[in-house]
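Structural characterization, general
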Amino acid sequence: MECQSQNLKATLSLSLGRFHISEDYGFLLPNPLKKLPDHYRPWMEIANKLSRLIESHQLQAHVNKMPLLNCEFLKSHREQRLAHMVLSFITMGYIWQEGETQPEQVLPRNLALPFVEVSRKLGLPPILVHTDLVLTNWTTKDPERLLDIRNLDILFSFPGGESLRGFILVTVLVEKAAVPGIKALVQGVNAILQASQDSLLQALEQLKLSIQDITRTLGQMHNYVDPDIFYAVIRIFLSGWKDNPAMPVGLIYEGVSSEPLKYSGGSAAQSTVFHAFDEFLGICHSKESGDFLLRMRDYMPPSHKAFIEEMQAAPSLRHHVLSSGNGQLLTAYNKCVEALAELRSYHITVVTKYLVTAAAKAKSRKPSHLPELPHALEEKGTGGTAVLSFLKSVRNKTLEAILPQRDRER
């Protein structure tokens, strides 16, 4: 038994490692770098005082004086990830410095050229993505202590102060809460291949508990993020230039393309976790939602996207559960799907508070201490979707995946 357990652990480690997924941190980059080689000091100097430069309306002037640097000294994957994060933060600040009514239409070549170059090396788009805002943007204050919000900090920030810090770090903790669930997917696939019902039941129980933990963790948003600050200050810096009425034609990347390019802003749909859960559980979304989710996979590190595709190619869990005639398996499967639907329902309540309710409050009493309110994306998420209808569709399709109990009698 002990030997079998060791073999399973070896398979698990190998499987996760193949996709650059950490056994301890999941899709989070373990111990992200904080400094680039000295050649890139001009980037780091700007990124380290980004909030201050944006708030004083000086960022664009600083960027315009920045030297054009190429990426030849970014040797390691971790250096390239840090460079992408730094350039993405500077880019979002540069475009939205003057708010949504006056976005910059051209990204200057000294920013556009290296940003596109490092993006191509990593297989990521040249815009701020979930991997920049969250997966690479965290550090522990004391590596010996637990990973909780008091022991975490972010590396780079926009205006938004403690609310932005809380938004990013709660999302880091959501990714961390997903780690047992990610391991459960691998164990579950292996269990189907090895026809081990006990191992599959164990994996489904672990997946359910992980999803419930994610829901609890997401609830920390209420403690750390002010809805008014999120809506009126933070949100614009996560917005892209595709499906955004504030930038209908997109953005010109000077020296890269004479035509404007369009990229979606940051979105929870760029987290690999929920795509992988959906593929494992066999949840099918509507064409419109499914097309958006599919497009968001191009905003993930290629190795993480490959993990989703591995889940997609694996033997069907739903088919296995139905054909097994095992009532315990069917119940365990349904509990996972129900937990995922509950998480998605809870996500809807969070988005309603931070987007819909905050927008209504902002309209009724324009707070003097906040900047002019964003209008172009009122009905949309930062990724450019009609956010509530999208989230409800995704939740409803999750509920539809619950298997009828009569199938357990087959």
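Preceding this section is the structure that the text describes.
The text that follows walks through the structure, step by step, so that each part is easy to find. Note that the structure is a prediction, hence the values are computed from the model and not measured.

**Description of the side chain of threonine 140**
Along the chain, the position of threonine 140 falls in strand S2 (residues 139-140). Given a relative accessible area of 18%, threonine 140 falls into the buried group.

**Re the packing of helix H9 (residues 179-193) against helix H13 (residues 272-281)**
Following both chains from N to C, one finds H9 and H13 inclined at 30°, their axes separated by 10 Å at the closest point. Between H9 and H13, the crossing angle belongs to the class labelled roughly parallel. Note that H9 runs across H13; the crossing there is left-handed. Contact residues: H9 offers Gly181, Ile182, Leu185, Gly188 and Val189, while H13 offers Val273, Ala276, Phe277 and Phe280. Here the contact of H9 with H13 is built from residues that sort into 7 nonpolar, 2 polar and no charged.

**Overview of the packing of aromatic side chains**
Taken as a whole and assessed by the stated rule, the structure comprises 12 aromatic pairs. Between phenylalanine 292 and phenylalanine 390, the aromatic rings sit 5.2 Å apart at their centres with planes inclined by 80°, giving edge-to-face as the arrangement. Of the two residues, phenylalanine 292 is situated in helix H14 (residues 287-296) and phenylalanine 390 in helix H18 (residues 387-400); the sequence distance between them amounts to 98 residues. You can call phenylalanine 292 buried: its relative accessible area is 7%. Taken together, the ring pairs connect Phe89, Phe156, Phe158 and Phe237 into an aromatic cluster.

Criteria and cut-off values
Along each chain, the written sequence defines residue order, and numbers are assigned to residues from 1. Only residues with pLDDT of at least 70 get local features here, since the model is predicted, and only at 80 or more are side-chain atom pairs given and counted; chain-wide, interface and lining totals rely on the full set of residues. To obtain the side-chain values, all non-hydrogen atoms of the structure were used and water was disregarded. Strands here mean DSSP runs of E at least two residues long; helices mean DSSP runs of H or I at least four residues long; both are numbered from the N terminus. Each residue is assigned to one of three classes by its accessible area relative to the maximum for its type, calculated with a 1.4 Å probe on protein chains only: buried under 20%, partly exposed between the two thresholds, exposed over 50%. Axis angles are defined between N-to-C directions and span 0 to 180 degrees, where every axis is a line fitted to C-alpha atoms and, for a helix, only to the segment in contact. To sort the angles, those under 35 degrees are grouped as roughly parallel, those over 145 as roughly antiparallel, those from 65 to 115 as roughly perpendicular, and the leftovers as oblique. Here a crossing is called left-handed whenever its near helix is offset anticlockwise from the far helix by less than a right angle, and right-handed whenever the offset is clockwise. Contact between two residues is taken to exist if any of their heavy atoms lie within 4.5 Å; hydrogens are not considered. Ten residue types, Ala, Val, Leu, Ile, Met, Phe, Trp, Tyr, Cys and Pro, are classed as nonpolar, four, Asp, Glu, Lys and Arg, as charged, and the remainder, Gly among them, as polar. Paired rings are identified among Phe, Tyr and Trp, the last through its six-membered ring, by centres lying within 6.5 Å, and are further divided according to the angle between planes into stacked (under 30 degrees), edge-to-face (over 60) and tilted (the rest).

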